[in-house]
Amino acid sequence: MKQASDRYPVDYMAAAGCFCLASRQAARKITRLYDKYMQESGIRITQFTILSQLMLRGEMPIGKLAGILGMERTTLTRNLTPLEQQGWISIHAGDDPRARMIGITSQGRSVVRRSFPFWSKAQAQIGKLLGADGQAALKLLGSRNLG
């Protein structure tokens, strides 16, 4: 029986150790764990992240928030719709009418305050799972411009 390496001139088996695949799997697992802890708060970790960044940094253009979150603008815009419908954020034209500004409302601030203890428990659990080296590596990768 021929092995995969016999059929192809290149060793495609190396793709089994793909860093992109591993990072996406890890990100999904981490997100699921955060969401498990956040479930009682009534919001998902993606919503908490958006709201908490607006609470910490203040009103800003959608493009800037997308950059901070490492998201595509279109993906962020889709994620903002339910937050705006709930009254947790406000979106309006900026000084430049083409730039839409996003801000957190008082209702959104209340959601962050209510959800923070759940996030905190998830954060501690993830921190334990990653260990000090894993936390440092994750923060380093998140801070680097890779492309």
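Residues numbered from 1 in each chain as written. Predicted model: local features only at pLDDT ≥ 70, side-chain atom pairs only at ≥ 80, totals over all residues. Heavy atoms only, no water.

Draft legend 1. Representation of the pattern of salt bridges within the structure. According to the stated counting rule, one finds two salt bridges in the structure shown. Two residues, Arg44 and Asp35, come together in a salt bridge whose shortest N-O distance is 2.9 Å. Given the relative accessible area of 49%, Arg44 is considered partly exposed. Given the relative accessible area of 15%, Asp35 is considered buried. A salt bridge links Arg98 to Asp96, with the shortest nitrogen-to-oxygen separation between them at 2.9 Å. The class for Asp96 is partly exposed, based on a relative accessible area of 32%. (Salt bridge = Lys/Arg side-chain N within 4 Å of Asp/Glu carboxyl O. Buried < 20%, exposed > 50% of the residue type's maximum accessible area, 1.4 Å probe, protein only.)

Draft legend 2. Broad picture of the confidence of the model for the protein chain. Of the residues in the protein chain, 93% have a pLDDT of 70 or more, and the chain-wide mean is 90. The least confident element of the protein chain, judged by mean pLDDT, is helix 1 (residues 4-7) at 58; the most confident is helix 3 (residues 45-57) at 97. (pLDDT = per-residue confidence, 0-100. Helix = DSSP H or I, 4+ residues; strand = E, 2+ residues; numbered from the N terminus.)

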